[in-house]
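# Observations on the three-dimensional arrangement
So the chains spell out like this:
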Amino acid sequence: MPPPIAFTGRLDAADESLWLATLRTALPEAEIRPLRELAATACAAVDIAIVANPDPAELARLPNLAWIHSLWAGAERLVAELGDRVPIVRLVDPDLARVMGEAVLAWTYFLSRDMPAYAQAQRAHRWVPRPYRSPSTTPVGLLGLGTLGQVAARRLGEAGFPVIGWSRTAKTIDGVETVCGDTGLAALLARATITVCLLPLTPDTRGLLDAARLALMPRGAALINFARGPIVDTRALCAALDTGALSHAVLDVFDNEPLEATSPLWDHPAISVLPHVSAPTNPETAAAIVAGNIRRFWASGTLPGTVDIARGY
């Protein structure tokens, strides 16, 4: 029997129980145990850990750890706290990409069909029909063309929205106009009626959408941030919304989560606040992917694709 697999993370008891049960069902041939329950001799045998934003001090109890598999798609916290101490495999789940594609399309429609304006009219008891805007006249800028971004681009294109996609380096994607680099980012922001952010949080993307770049967006444009809060300068965004330079922002992610009850973002008339729900991880599909990666490692000794620490994802 292979060595035990340690499970550790910053989860409440109910979530930990759910994940343990789901992982054990997906990988019944393994002994998956909470790290806190493992004695020193068992810890010494562990070479794989499944983690959900773990405490680095906990992982230090595993002297022979070969790699860790994260249950989340984002890796910035692991990179910040662990660095290159151990190879990190992040979750790449097609189902998560499907759900994100749904969310991007849904909230793009929310903005393109003027739902924020209708909500304000309802509160004011005003009957104000607005002109219809065809998707074909509503270019959408998509920041990030990884797995999530490519699925979102396809869903938007199928719905008739012209899509301009930006990535750090040049990419070619059928049906998508792609740009890269600082010049490409500026061009995208200047043309998009709606900009959607799906970028990973890295040193290069932190604060990427600052006051200067937000000012490049057409007057009345809108922003959707389904990536990470610190990519957008929140103060600069609020200023642009307050002056009417931007019409609306849909924010699913924030600098600090959960968003503090005292945050002014809750009551800002031009902001829709979501509680980080654009693409929740599905335990069943995620556990199946983790199990498959572990089985392949056992069979061949080859690690799945790992996070590039220098890039941050």
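Since this is a predicted model, take the numbers as computed values, not measurements. (Residues numbered from 1 in each chain as written. Predicted model: local features only at pLDDT ≥ 70, side-chain atom pairs only at ≥ 80, totals over all residues. Heavy atoms only, no water.)

### As for the overall build of the protein
- A tally of helices and strands in the protein yields 11 helices and 12 strands.
- Along the longest, intermediate and shortest principal axes, the C-alpha atoms of the protein span 70 × 40 × 30 Å.
- As presented, the protein carries roughly 14,800 Å² of accessible surface, and 55% of it is formed by carbon and sulfur atoms.
- On the protein, the mean spot of the 27 positive side-chain charges and the mean spot of the 31 negative ones are 5 Å from each other. (Helix = DSSP H or I, 4+ residues; strand = E, 2+ residues; numbered from the N terminus. Areas by Shrake-Rupley, 256 points an atom, 1.4 Å probe, with all protein chains shown as cover. Lys, Arg positive; Asp, Glu negative; His and termini not counted. Charge placed at Lys NZ, Arg CZ, Asp CG, Glu CD.)

### Some points on the sheet that holds strand S4 (residues 67-70)
- Within the open sheet, the 5 strands sit side by side as S2-S1-S3-S4-S5. Their pairing is parallel. Both outer strands of the open sheet, strand S2 (32-34) and strand S5 (88-89), are each paired with one neighbouring strand and no more.
- Relative to S4, strand S3 (residues 48-52) runs parallel, the two sharing 4 bridges. Residue pairing for S4: Ile50 is matched across the bridge by His69.
- Lying on the sheet, helix H1 (residues 13-26) is in contact with strand S1 (5-9), S2 and S3; it crosses S2 at an angle near 165 degrees. (Pairing = 2+ DSSP bridges. Contact = heavy atoms within 4.5 Å. Axes fitted to C-alpha atoms, helices over the stretch in contact; angles between N-to-C directions.)

### Thoughts on the pairing of strand S10 (residues 221-225)
- With respect to burial, S10 is a largely interior element, 5 of its 5 residues being buried.
- Residues Ala221, Leu223 and Asn225 of S10 are buried on one face, and the alternating residues Ala222 and Ile224, pointing to the opposite face, are buried as well.
- Where strand S9 (residues 194-197) meets S10, 4 bridges bridge the pair, whose relative direction is parallel. Considered in S10, the bridge of Val196 is made with Ile224.
- Two strands pair when backbone bridges link them, and S10 and strand S11 (residues 246-251) are joined in this way by 5 bridges, in the parallel orientation. For Asn225, the partnering residue across the bridge sits in S11 and is Leu251.
- Where the polypeptide runs from S10 across helix H10 (residues 234-242) and back to S11, its parallel neighbour, the crossover connection is right-handed. (Buried < 20%, exposed > 50% of the residue type's maximum accessible area, 1.4 Å probe, protein only. Right-handed = clockwise from strand over helix to strand, strands pointing away.)

### Comments concerning the pattern of salt bridges
- A full pass over the atoms with the stated rule returns 13 salt bridges.
- A salt bridge links Arg36 to Glu16; the nearest nitrogen and oxygen atoms lie 2.7 Å apart. Of this pair, Arg36 sits in the loop between S2 and helix H2 (40-45) while Glu16 sits in helix H1, placing them 20 residues apart in sequence.
- Residue class for Arg36 comes out exposed when judged on its relative accessible area of 53%.
- Looking at Glu16, the relative accessible area reads 11%, which means it is buried.
- By sharing partners, the salt bridges in this structure join Arg10, Arg77 and Glu81 into a single network. (Salt bridge = Lys/Arg side-chain N within 4 Å of Asp/Glu carboxyl O.)

### Observations regarding the sheet that holds S9
- Spatial ordering of the open sheet is given by S8-S7-S6-S9-S10-S11-S12, a layout of 7 strands whose pairing is parallel. Each of the sheet's edge strands pairs with one partner strand only, and the pair in question is strand S8 (177-180) and strand S12 (271-273). Along the sheet, successive strands turn relative to each other by an average axial angle of 15 degrees, direction set aside.
- Across the sheet, helix H7 (residues 147-158) is in contact with strand S6 (140-143) and strand S7 (163-167); its angle to S6 comes to roughly 170 degrees.

### Notes on the side chain of Ser278
- In this structure, Ser278 sits in the loop between S12 and helix H11 (283-300).
- Among the polar contacts listed, one links the side chain of Ser278 to the side chain of Asp252, at a separation of 2.7 Å.
- Sequence-distant contacts of Ser278, defined by excluding residues within four places in its chain, comprise Val99, Met100, Ala103, Phe226 and Asp252. (Polar contact = N/O pair within 3.5 Å; in protein donor to acceptor, adjacent residues only side chain to side chain.)

### What about the nonpolar core?
- Counting 32 residues, the largest nonpolar core has Leu143, Trp166, Leu237 and Leu246 as its most contacted members.
- Contributions of two or more residues to this core are made by S7, helix H8 (181-191), S10, H10 and S11.
- By residue number, the principal contributor to this core is H10, which donates 5 residues.
- Here Leu143 is in contact with Trp166, Leu185, Leu188, Thr195, Val196, Cys197, Leu198, Leu199 and Leu209, once residues within four sequence places are set aside.
- Ranked by size, the runner-up nonpolar core spans 26 residues in total, among them Met100, Leu156, Leu198 and Phe226. (Core = buried A, V, L, I, M, F, W, Y, C linked by side-chain atoms within 4.5 Å.)

### Here we look at the packing of aromatic side chains
- Going through the model one piece at a time under the given rule, you end up with 4 aromatic pairs.
- Aromatic side chains Trp67 and Phe297 sit 5.4 Å apart centroid to centroid with 65 degrees between the ring planes, which places their arrangement in the edge-to-face category. Of this pair, Trp67 sits in strand S4 while Phe297 sits in helix H11, and the two are 230 residues apart along the sequence. Both residues of the pair, Trp67 and Phe297, count as buried. (Phe/Tyr/Trp six-rings, centres within 6.5 Å; stacked < 30°, edge-to-face > 60°.)

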